Amino acid sequence: MREEWIIVAAHRQNRPWHGETVEHAQSALPDYLPDCYLCPGNLRVSDKRNDLYTSTFVFDNDHPCVGFDAPQDIAKPEGIYRNRAAVGIARVVCYSPQHNLTLAELEAGEIAGLLRVWQEQYSELGRRKEIRHVLIFENKGEVVGVSNPHPHCQIYATNFIFKTMETEARVSQRHLAESGRILFQDIIKAEHEDGRRLLFENETAIAFLPYFARYAYEVYVAPKRTHASIATLTEDEVTDFAEALKVLLVKLDNLWRMPFPYVMTLHQAPTDGGDYRGFHFHIEFHPPLRRPNLLKYLAGPEIGGGNFLSDTAPEEKAAELQAQPEVHYNQTYRDGEP
Ligand SMILES: [Zn+2]
Ligand SMILES: [Zn+2]
């Protein structure tokens, strides 16, 4: 999908490590914080007040990276260089009024509610003629730079298409033209036939750690039927997708009994009116940790050379996740079990 090779060097997994570690102090967080800019009823830097929301809450980012007031006439650069104004709309979606929950700890029904919000946002923003792409993503955990644990994601609706989705769209269309098949359907088929990297499936949704994983715990969730975006999922598909997402996230958290950090991105077709019949909506998780307290560093091969070098075999990592229970460890505590 990205037109790149992954180098698997799983024999290097146990070489001694003398580098930096990540600490995850398990502090008990309150369910409401008076100075959290995402908690219900609180004042934000813009002097706007959050609703007293009870499920999800969407608002325009007070510090947008893209806005429609970005300078439009920018000086032409010298020589071979080109530039264009990057404009759009940046929003924040709070998953829950509860400050101390994570996506993994929401009920499947609450996750389904969030999926419906994503459907609405993609449709509403994507319909605007100046918007060519809607990027929905969540950065989770201090190791990916998030200091506020209040569960939330961000939306960048922009007049340009982000590179990865542009590549995936182009490669998917080419595959469709050449073979008459949907690329992601071929991936699902291959994962089914092998079976070792499947993590969960129900009638209409599937979760797996792909053959081509670049990160140790890189995992995907997708509907089984092809949809170019989340917007066209039926109510049944939303319910199944929420269940798959829930099980996957619980397994990740249970692995080291810690809130598993990740970058989560919805991969959806651009909204520029192009032909995206080959595009199959999916969510990708890129967790930066290889082991508890051990980050995957992007270095010479990745940053320097442009290809990921994976220190782990995807089948082994998938087996670790398959072995995890489908009940969150925090839930187990609450139910009074050890
Ligand atoms: Zn909060
Ligand atoms: Zn993708």
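As shown above, the structure is provided for reference.
We now turn to the structure provided with this report. For every chain, the first residue of the written sequence is number 1, and numbering continues from 1 onward in sequence order. Ligands are numbered from 1 and chains lettered from A, in the order in which they are written. With pLDDT at 70 or above as the cut-off, local features in this predicted model cover only qualifying residues; side-chain atom pairs require 80 or more to be listed or tallied, and sums for whole chains, interfaces and linings still use all residues. Hydrogens and water are ignored here; the side-chain numbers use all heavy atoms of the structure.

### Things to note about empty space enclosed by the protein
Next, step 1: We place a 1 Å grid over just the protein atoms. Points where a 1.4 Å probe fits but has no way out form a cavity, open points with protein on both sides within 12 Å along at least 5 of 7 lines form a pocket, and any residue with an atom within 4 Å of a point lines it. Grid points are joined across faces, edges and corners, and a volume is the space filled by probe spheres set on the points. One pass over the full model with this rule turns up two cavities of 30 Å³ or more.
Next, step 2: Of the pockets and cavities examined, the largest cavity occupies roughly 50 Å³.
Next, step 3: Every residue along the wall of the largest cavity is listed here: Met1, Glu168, Ser172, Leu183, Phe184, Gly278, Phe279, His280 and His282.
Next, step 4: Labels follow the DSSP assignment, with helices taken as runs of H or I lasting at least four residues and strands as runs of E lasting at least two, numbered in each case from the N terminus. Among the secondary structure elements, those contributing two or more residues to the lining of the largest cavity are helix H2 (163–179) and helix H3 (183–194).
Next, step 5: Charged residues are taken to be Asp, Glu, Lys and Arg, nonpolar residues to be Ala, Val, Leu, Ile, Met, Phe, Trp, Tyr, Cys and Pro, and polar residues to be all remaining types, Gly included. Broken down by class, the residue content of the lining of the largest cavity amounts to four nonpolar, four polar and one charged.
Next, step 6: Here the second largest cavity defines a volume of roughly 40 Å³.
Next, step 7: In terms of lining residues, the second largest cavity is bounded by Arg214, Tyr215, Ala216, Arg290, Lys296, Ser310, Asp311 and Thr312.
Next, step 8: Its residues placed into classes, the lining of the second largest cavity shows two nonpolar, two polar and four charged.

### A word on the side chain of His152
Next, step 1: Tracing the backbone shows His152 in strand E5 (residues 152–158).
Next, step 2: Only 2.6 Å separates the side chain of His152 from the backbone oxygen of His150, close enough to count as a polar contact.
Next, step 3: In contact with His152, not counting residues within four places along its chain, are Tyr37, Leu38, Val92, Val93, Cys94, Tyr95, Glu138 and Val146. Residues adjacent in sequence count toward polar contacts only when both atoms are side-chain atoms; beyond that, a polar contact is any pair of N or O atoms within 3.5 Å, and within protein one must be able to donate a hydrogen and the other to accept it. A contact between two residues is defined here by any heavy atoms of the two lying within 4.5 Å.

### Quick word on the coordination of the zinc ion (ligand 2)
A metal bound by six donors in octahedral fashion has ideal angles of 90 or 180 degrees, whereas one bound by four tetrahedral donors has an ideal angle of 109.5 degrees.
Next, step 1: Only Glu168 (OE), Glu168 (OE), His267 (ND1), His282 (NE2) and Glu284 (OE) from the protein reach the zinc ion (ligand 2) as donors, at distances of 1.9 to 2.5 Å.
Next, step 2: Counting the intervening residues between successive donors of the zinc ion (ligand 2) yields the motif E-x98-H-x14-H-x1-E. With Glu168 in helix H2 and His282 in strand E10 (residues 282–286), the pair connects residues that are 114 residues apart, well separated along the chain.
Next, step 3: By relative accessible area, which is 1% here, Glu168 ends up buried.
Next, step 4: For His282, a relative accessible area of 1% gives the class buried. Water is not part of the atom set, so a site may look incomplete; the donors themselves are N, O and S atoms within 2.8 Å of the metal, or 3.2 Å for Na, K and Ca. Burial here depends on accessible area, computed with a 1.4 Å probe over protein chains only, as a share of the maximum for the residue type. Under 20% is buried, over 50% is exposed, and the range in between is partly exposed.

### Overview of the sheet that holds strand E9 (residues 262–267)
Next, step 1: At least two bridges found by DSSP between two strands are what make those strands a pair. Pairing within the open sheet is antiparallel, and its nine strands lie in the order E2-E3-E5-E4-E9-E10-E8-E7-E6. Strands at the two margins of the open sheet, each flanked by one partner only, are strand E2 (57–60) and strand E6 (198–201). Shown here is a sheet whose adjacent strand axes are inclined to one another by a mean of 20 degrees, direction ignored.
Next, step 2: When E2 meets strand E3 (residues 88–94), the two strands line up antiparallel, connected through four bridges. Across the sheet, the residue bridging to Asp60 is Arg91, located in E3.
Next, step 3: Here, axes are lines fitted to C-alpha atoms. For helices the fit covers the stretch in contact, and angles between N-to-C directions go from 0 to 180 degrees. Against the sheet, helix H1 (residues 108–127) touches E2, E3, strand E4 (133–140), E5, E9 and E10, its axis set at about 170 degrees to E3.
Next, step 4: Against the sheet, H2 touches E4, E9 and E10, its axis set at about 45 degrees to E9.

### Some points on the environment of Arg84
Next, step 1: By secondary structure assignment, the location of Arg84 is in the loop between E2 and E3.
Next, step 2: For Arg84, a relative accessible area of 61% translates into the label exposed.
Next, step 3: Counting along the chain gives 76 residues from Arg84 to Phe160, while the straight-line C-alpha distance between them is 9.6 Å.
Next, step 4: Among residues more than four places away in sequence, those in contact with Arg84 are Ile74, Arg132 and Asn159.

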